[in-house]
Amino acid sequence: MGYVAARSQYLKQTSQFVRGAIKSGHGILHEPDSGGCTLLKIRPAKHGDAKALTQLMHQSSAYEGNYASILDGYAITPAQLDAEIFYVAVLQDAIAGFYSLTLTDEPELDLMFVADHAQGTGIGGKLFQHMVAEAKRRGIPSIKIVSHPPSVGFYQRMGATIVGTKLPKMKVTWARPILNLAI
């Protein structure tokens, strides 16, 4: 078995283990400083993560088909990691998700992705909670979210409310919900 196949099998088994533990009520997704065995760690992104984050983003099944055009030619760069607030979720030494928050006149959740194999494990919620805590720490009163249409329900469950619609433009040929999250 080659490296890629072995890594894929390992990640699938890890995902099944995590889902099983969550369903059985074991709280295995916790912050590193809470004691015990830590499977999930959220840390600042490093320059060396840029390629892995780009790959995770492009491999997302959420952006297949008609939605793929928004990512055409897009790559996360070390300069972007420096300019934005970027955090990654690491599950057993592999990046399983990330978010970026821009600090413009209107702070915005720019990117948020969870690897397909880690969907449904609670990592997205942990990343979102981390983003909220980071915004509070920085004194940010609210965050704008221009959502991928299939993700809007997640953001609403996290407390964001729909405030408008971003109309199709250029290579984005679909309308996107605009949400606001009060911090």
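Here we summarise the structure given alongside this text. Note that the structure is predicted; figures quoted are calculated from it, not measured.

## With respect to the sheet that holds strand β3 (residues 94–102)
- Strand order in the open sheet formed by 7 strands is β1-β2-β3-β4-β5-β7-β6, with mixed pairing between adjacent strands. The sheet is open, and its two borders are formed by β1 (40–44) and β6 (161–166), each paired with just one other strand. Across this sheet, the average inter-strand angle for adjacent strands is 25 degrees, counted without regard to direction.
- Of the strands in this sheet, β2 (85–91), β3 and β4 (108–114) touch helix α2 (residues 50–58), which is tilted by about 95 degrees from β3.

## Some thoughts on the layout of surface pockets
- Of the volumes computed, that of the largest pocket is approximately 890 Å³.
- Forming the boundary of the largest pocket are 37 residues, of which Y63, M112, F113, H148 and Y155 lie nearest the centre.
- Those elements that provide at least two residues to the lining of the largest pocket are β4, α4 (123–137), β5 (142–146) and α5 (152–157).
- Ranked by residue count, the leading element in the lining of the largest pocket is β4, at 7 residues.
- Residues of the lining of the largest pocket, tallied by class, amount to 18 nonpolar, 13 polar and 6 charged.

## Focus on the packing of aromatic side chains
- In this structure the tally under the stated criterion is 7 aromatic pairs.
- Between F86 and F98, the ring centres sit 6.1 Å apart and the planes meet at 20 degrees, which makes this aromatic pair stacked. Separated by 12 residues along the polypeptide, F86 in strand β2 and F98 in strand β3 bring together distant segments of the chain.
- By relative accessible area, F86 is classed as buried at 4%.
- On the basis of relative accessible area, F98 is assigned to the buried category, the value being 0%.

## Some words on α4
- With 15 residues, α4 extends 21 Å between its outermost C-alpha atoms, agreeing within 8% with the 21 Å of an ideal straight helix rising 1.5 Å per residue.
- Here α4 has its buried residues at I123, G124, G125, L127, F128, H130, M131, V132, E134 and A135.
- Of the residues trailing α4, G139 is marked for its positive phi of about 75 degrees.

## Here we look at the nonpolar core
- Of all hydrophobic cores here, the largest spans 28 residues; its most connected members are L109, I123, F128, M131 and I145.
- Contributions of two or more residues to this core are made by β1, β2, β3, β4, α4, β5, α5 and β7 (176–182).
- Residue contributions to this core peak at 6 residues, all from α4.
- Once you skip the residues sitting within four places of it in the chain, I145 turns out to touch L109, F128, Y155, A160, P177, I178, L179 and L181.
- Core analysis: the second largest hydrophobic core is formed by 20 residues, L56, I76, F98 and V172 among them.

## Looking at the pattern of salt bridges
- Within this structure, the stated rule accounts for 4 salt bridges.
- Notably, a salt bridge pairs R43 with D49, separated by 2.7 Å at the nearest N-O pair. As far as the burial class goes, R43 and D49 line up, both buried.
- A salt bridge links E106 to K144; the nearest nitrogen and oxygen atoms lie 3.9 Å apart. With E106 in the loop between β3 and β4 and K144 in strand β5, this pair connects stretches of sequence that are 38 residues apart.
- Within this structure, E134, R137 and R138 form a network of salt bridges that share partners.

Rules and cut-offs
Residues numbered from 1 in each chain as written. Predicted model: local features only at pLDDT ≥ 70, side-chain atom pairs only at ≥ 80, totals over all residues. Heavy atoms only, no water. Pairing = 2+ DSSP bridges. Helix = DSSP H or I, 4+ residues; strand = E, 2+ residues; numbered from the N terminus. Axes fitted to C-alpha atoms, helices over the stretch in contact; angles between N-to-C directions. Contact = heavy atoms within 4.5 Å. 1 Å grid on protein atoms, 1.4 Å probe; cavity = no way out; pocket = protein on both sides within 12 Å on 5 of 7 lines; lining within 4 Å. Points joined across faces, edges and corners; volume = space filled by probe spheres on them. Nonpolar A, V, L, I, M, F, W, Y, C, P; charged D, E, K, R; others polar. Phe/Tyr/Trp six-rings, centres within 6.5 Å; stacked < 30°, edge-to-face > 60°. Buried < 20%, exposed > 50% of the residue type's maximum accessible area, 1.4 Å probe, protein only. Expected span 1.5 Å × (residues − 1). Core = buried A, V, L, I, M, F, W, Y, C linked by side-chain atoms within 4.5 Å. Salt bridge = Lys/Arg side-chain N within 4 Å of Asp/Glu carboxyl O.

Purely geometric stuff here, so don't read any function into it on its own.
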